[in-house]
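Chains, contacts and geometry: an overview
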Amino acid sequence: MDFTLSEEQLMIQQAAKDFAQNELLPGVIERDDAQKFPVEQVKKMGELGFMGMMVDPKYGGSGLDTISYALVMEELSKVDASASVIVSVNNSLVCWGLETFGSEEQKEKYLTRLSTGQSIGAFCLSEPEAGSDATSQKTTAVDQGDHYVLNGTKNWITNGNSAEIYLVIAQTDISKGHKGINAIIIEKGMPGFEIGPKENKLGIRGSDTHSLIFNDVKVPKENRIGEDGFGFKFAMKTLAGGRIGIAAQALGIAAGAYELALKYSKERKAFGTEISNHQAIAFKLADMHVQIEAARHLVYKAAWDKDQGNNYDLSSAMAKLYASQVAMDTTIEAVQIHGGNGFVKDYHVERMMRDAKITQIYEGTSEIQKIVISRSILRE
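Definitions and cut-offs
- Residues numbered from 1 in each chain as written.
- Predicted model: local features only at pLDDT ≥ 70, side-chain atom pairs only at ≥ 80, totals over all residues.
- Heavy atoms only, no water.
- UniProt positions renumbered as here; feature names shortened; annotations may be inferred.
- Core = buried A, V, L, I, M, F, W, Y, C linked by side-chain atoms within 4.5 Å.
- Buried < 20%, exposed > 50% of the residue type's maximum accessible area, 1.4 Å probe, protein only.
- Helix = DSSP H or I, 4+ residues; strand = E, 2+ residues; numbered from the N terminus.
- Contact = heavy atoms within 4.5 Å.
- Axes fitted to C-alpha atoms, helices over the stretch in contact; angles between N-to-C directions.
- Parallel < 35°, antiparallel > 145°, perpendicular 65-115°, else oblique.
- Left-handed = near helix turned anticlockwise from the far one by under 90°.
- Nonpolar A, V, L, I, M, F, W, Y, C, P; charged D, E, K, R; others polar.

Labelled according to an unreviewed UniProt entry, the chain appears under the name Cyclohex-1-ene-1-carbonyl-CoA dehydrogenase, originating from Arenibacter echinorum. UniProt lists a comment for the chain under the heading Cofactor (unreviewed entry), and it reads "FAD". According to its UniProt record, the chain has this under Sequence similarities (unreviewed entry): "Belongs to the acyl-CoA dehydrogenase family."

Glancing now at the nonpolar core. Core analysis: the largest hydrophobic core is formed by 91 residues, its most contacted members being M45, L98 and V299. Counting residues per element, this core draws most heavily on helix α7 (residues 231-267), which supplies 18 residues. Residues in contact with V299, not counting those within four places in the same chain, are A70, I244, A247, A248, L251, A319 and A323. Residues Y148, I186, F214 and V217 belong to the second largest nonpolar core, which totals 18 residues.

Attention now moves to the packing of helix α5 (residues 81-101) against helix α6 (residues 104-115). Viewed as axis vectors pointing N to C, α5 and α6 meet at an angle of 155°, and their least axial separation amounts to 9 Å. Taken as axis vectors, α5 and α6 run roughly antiparallel relative to one another. Between α5 and α6 lies a crossing of left-handed hand. Residues N90, V94, C95, L98 and E99 of α5 pack against Q106, K107, Y110, L111, L114 and S115 of α6. Grouping the constituent residues of the contact of α5 with α6 by class yields six nonpolar, three polar and two charged.

Structure, rendered in structure tokens:
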């Protein structure tokens, strides 16, 4: 086993760290308060190649490995999880799915714009009655020969208003169940496509989350990804990789909160000495450090599996399940170590605690990850 990062990976990690400190940290509290989408920061991330990290350079991507992507996600998430989830969705759920399963025409038309950050993508699976149960799609795409007519509602869509390209999962033939589902590319501005109000969220408030409404949206047949009925499989395969991005995000939130708590513990004094000298605090820091390192190994292993061409359903589910729990536990302890200061916005950790919670919910809840893991181990 070789745990050494390559020179290129270290360089990419440092670039992401510098960007997070210099570009994301200033204004992060204000963006959270105002629920402001980081328009300029996303544009710069596109210029740095962060929006299409694993995409082939012939489509404008960076052509990097999944470990590099996880490193970038971790560093961005240490500072601003709202910005990192924009990167995660664009890379894992939109670019990867299009490059892996899309036609050459779709790649030329859409992927080149997405991978450079010229356009932002959104992945549209969840519905009012189809969150964890992705088979229960009520959104319909009725086959009309040379086009589909799309009707329905999608909920909790990241990049909902900021995106220009949407991958929508819809039911074409209900009699076939999950084998009658398709994945269709929708463009912003298509007649009948409406964007609902922005959700007022607990965390990742700088990321815009909206409902999407489709009323008789006419979509050309060439916008379908893969063969007829491939949509559910497309969604599941795409989400398996998406879990690596969210696991890396959770890892970054935890690591960022830990770093702030460690620094604070060396500065804050109580009972005549720095609080880091009190065993109650020192043991908290020790537990946090161990859990973060364990989560990091799970995340990097899942990324490595994907790069090696191994099946990564199990490793990505384990990484997301554990890293999201560590993010929640670590941020709670980081607030506790900060005491009263941890409860106010200026010290960042209260925002990180709010941001951490969503990592246990989106792209498959922790309960869904346990289903994936248990089914995998019981098949062995």
